[in-house]
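# Observations on the model geometry
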There are 2 protein chains.
Amino acid sequence: MHRTRVRIVEDALDANNTIARANRADFDRHEVAVINLMSAPGAGKTTLLERVLPDLAGVRVGVLEGDVQGSLDADRLADLHVPIAQLNTDPGFGGECHLDANMVRSALPSLPLADLDLLVIENVGNLVCPAEFRVGEDARVMVSSVTEGEDKPLKYPLMFRTCELVVINKIDLLPHLDFDLELFRHHLDAVHPGVERVLVSARTGEGVGAVRDWMVALATPRAPART
Amino acid sequence: MHRTRVRIVEDALDANNTIARANRADFDRHEVAVINLMSAPGAGKTTLLERVLPDLAGVRVGVLEGDVQGSLDADRLADLHVPIAQLNTDPGFGGECHLDANMVRSALPSLPLADLDLLVIENVGNLVCPAEFRVGEDARVMVSSVTEGEDKPLKYPLMFRTCELVVINKIDLLPHLDFDLELFRHHLDAVHPGVERVLVSARTGEGVGAVRDWMVALATPRAPART
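As the structure is a computational prediction, the values presented were derived from the model and not from experiment.

### Structural notes on the packing of aromatic side chains
All names here are of chain A. A complete count under the given rule lists four aromatic pairs over all chains for this structure. Measuring from centroid to centroid gives 6.3 Å for Phe160 and Phe184, while their planes differ by 70°, and the two rings are edge-to-face. Linking Phe160 in helix H6 (residues 157-161) with Phe184 in helix H7 (residues 181-191), this pair joins segments that are 24 residues apart in sequence. When sorted by exposure, Phe160 lands in the same class as Phe184, which is buried. With a centroid separation of 5.6 Å and an interplanar angle of 45°, the aromatic rings of Phe179 and Phe184 are classed as tilted. Considered together, Phe179 and Phe184 belong to a single accessibility category, that of buried residues.

This is the structure:
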């Protein structure tokens, strides 16, 4: 049974990758850079977007919100007046724990891709399965809150290994935690040596400019650099 | 394709429930009460166990640690000198995001069930799929950290709806957060009216006694109460 299960999962990932390539072709045709934004529940993805999106130096941004249920995050971002599409994963069964390429594909007609330079896909809060499913993104950004402890890169290595930027969030709480930032960096470099990282408090705004600059650079048309 | 997928998942859940009942029969035969301990990554499950397990009023406890990879949490609990078994989900594929009944069953021979009154199964840090897979437990305890925000019951309703106790952790950080405890309680009651809850700081020890008392009561032989 175990071998059968592995085979089914491998087939599912193959099928996912095929659809992810189709998504990617659509994004490239419309010259939209796409970020897959991931984190554990409550790490601060939406708060980060509330801070970053209003100030993107002319980059036209859209958001695809992925949640098991509800539209709380999309509602929070409504005031930004950017195109937002909501994907709920609960029709899958009790609730899928991640977005896959097919779900994202189903939402693309709701977004004006031709009028966007950047699409941010906010994934379901989860450090395991979202890392396994490419959705056609150019880059993966993960948010890791200092409240979660230093051990997370070691416990969820695939997530930390497959992202292009790690946003270390909630640094305003550092004086009140036992969190050892050097140890976290050490663990991060153990699973993804040298990966780009920024220290941020989405709550106070500290460090958010670096995330904004990173997103603007990604979305600035320079086709050869988007590998 | 979608209908096929739902069918496959339903079949998997049916198979899981069958094995969960077999686990439960084994636990009942050995008169072991079993807790399925769940939370988002970094909410403080292991720190809570470090606080609670040394002081269980004579209740003989064992731990089953579930992680995608590694044995960091089991290593942390080693000093407690209680029986610990480690389950890693990464052989599944890139890594299963939850424990299922069959994984738990595979680990039972590593635990001296006949010598235990209580088994705590620390699940993979994830608020979605662990809620869908019964493993034969008597009770589900979930840990929700105040750093994760007030909206989590609404975003992950199945998890909050299917647990018997909600441990609201990291309350030592409340003075430094915008977290609205009343709003969290309101959301919690919206998805699981009246569910038992305790306020805790596993870090300082505040409120931990209530969790200990709850676990001791669960493990105290009183067969009719274990429904």
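On we go.
### So, the pattern of salt bridges
This model, assessed by the stated rule, comprises 36 salt bridges over all chains. Note that Lys152 of chain A is salt-bridged to Asp151 of chain A, the shortest N-O span being 2.5 Å. Where Asp172 of chain A meets Arg203 of chain A, a salt bridge forms, and the shortest distance between an N and an O atom there is 2.9 Å. Here Asp172 of chain A is found in the loop between strand S6 (165-169) and H7, whereas its partner Arg203 of chain A is found in the loop between strand S7 (196-199) and helix H8 (208-219), with 31 residues between them in sequence. In the salt-bridge network here, residues are joined through shared partners; they are Glu50, Asp67, Asp73 and Arg76 of chain A together with Lys155 of chain B.

### Here we look at the pairing of strand S5 (residues 139-145) of chain A
All names here are of chain A. In terms of burial, S5 is a largely internal element, seven of the seven residues being buried. Here S5 shows a buried face lined by Ala139, Val141, Val143 and Ser145 and a second buried face lined by Arg140, Met142 and Ser144. Inspection of the sheet shows strand S1 (residues 33-39) paired to S5 by five bridges, in the parallel sense. Bridged to Met38 within S5 is Met142. Pairing geometry for S5 and S6, over five bridges, is parallel. Of the residues in S6, the one forming a bridge with Ser144 is Ile168.

### Side note on H7 of chain A
Residue pairs three or four apart in sequence face the same way in an α-helix, which turns once every 3.6 residues. Residues and elements named next belong to chain A. Taken as a whole, H7 has its buried residues at Leu181, Phe184, His187, Leu188 and Val191. Mapping the buried residues of H7 onto a view down its axis gives an arc of 125°, with all of them on the same face. Turned more than 90 degrees off the buried face of H7, the exposed positions are Glu182, His186 and Ala190. On its buried face, H7 sits against S5, helix H5 (152-155), H6, S6 and S7. Two to three positions downstream of the cap, the backbone nitrogen of Glu182 sits 3.1 Å from a side-chain oxygen, assigning the N-cap of H7 to Asp180.

### Some points on helix H2 (residues 45-52) of chain B
Within H2 of chain B the residues assigned to the buried category are Lys45, Thr46, Leu48, Leu49 and Val52 of chain B. One side of H2 of chain B holds all its buried residues, which, seen down the axis, span an arc of 155°.

### Remarks on empty space enclosed by the protein
Inspection of every chain in the model, using the stated rule, returns one cavity of 30 Å³ or more. Computed from the structure, the largest cavity encloses a volume of approximately 60 Å³. Along its surface, the largest cavity is lined by 13 residues, and Pro41, Thr147 and Glu148 of chain A together with Thr147 and Glu148 of chain B are the ones closest to its centre. When its residues are assigned to classes, the lining of the largest cavity shows three nonpolar, six polar and four charged.

### Some thoughts on the sheet that holds strand S6 (residues 165-169) of chain B
All names here are of chain B. Taken in spatial order, the seven strands make up an open sheet running S3-S2-S4-S1-S5-S6-S7, and their pairing is parallel. Two strands bound the open sheet, and with one partner strand each, they are strand S3 (84-88) and strand S7 (196-199). With direction set aside, neighbouring strand axes in the sheet form an average angle of 20°. Its contacts with the sheet put helix H8 (residues 208-219) on strand S1 (33-39), strand S4 (118-122), strand S5 (139-145), S6 and S7, and the angle it makes with S1 is roughly 145°.

### Quick word on the pairing of S1 of chain B
All names here are of chain B. S1 sits mainly inside the fold: seven of its seven residues count as buried. The alternating pattern of S1 places Ala33, Ile35, Leu37 and Ser39 on one face and Val34, Asn36 and Met38 on the opposite face, and all of these are buried. In this structure, S1 lies alongside S4, joined through five bridges in parallel fashion. Bridge pairing links Leu37 to Glu122 in S4.

### A few points about the relation of the copies chain B and chain A
Least-squares fitting of chain B to chain A yields an RMSD of 0.0 Å, with the transformation described by 0.0 Å of translation along the axis and a rotation of 180°. The operation mapping one copy onto its partner corresponds to a two-fold rotation axis. The rotation axis passes nearest to the C-alpha of Asn126 of chain B in chain B, at a distance of 3.0 Å. The overlap is high: 100% of the interface residues of chain B also sit at the interface in chain A, so the same surface is used on both sides.

What counts, and where the lines are drawn
Residues numbered from 1 in each chain as written. Chains lettered and ligands numbered in written order. Predicted model: local features only at pLDDT ≥ 70, side-chain atom pairs only at ≥ 80, totals over all residues. Heavy atoms only, no water. Phe/Tyr/Trp six-rings, centres within 6.5 Å; stacked < 30°, edge-to-face > 60°. Helix = DSSP H or I, 4+ residues; strand = E, 2+ residues; numbered from the N terminus. Buried < 20%, exposed > 50% of the residue type's maximum accessible area, 1.4 Å probe, protein only. Salt bridge = Lys/Arg side-chain N within 4 Å of Asp/Glu carboxyl O. Pairing = 2+ DSSP bridges. Arc of directions from axis to C-beta. Contact = heavy atoms within 4.5 Å. Polar contact = N/O pair within 3.5 Å; in protein donor to acceptor, adjacent residues only side chain to side chain. 1 Å grid on protein atoms, 1.4 Å probe; cavity = no way out; pocket = protein on both sides within 12 Å on 5 of 7 lines; lining within 4 Å. Points joined across faces, edges and corners; volume = space filled by probe spheres on them. Nonpolar A, V, L, I, M, F, W, Y, C, P; charged D, E, K, R; others polar. Axes fitted to C-alpha atoms, helices over the stretch in contact; angles between N-to-C directions. Least-squares fit on C-alpha atoms with pLDDT ≥ 70 in both.

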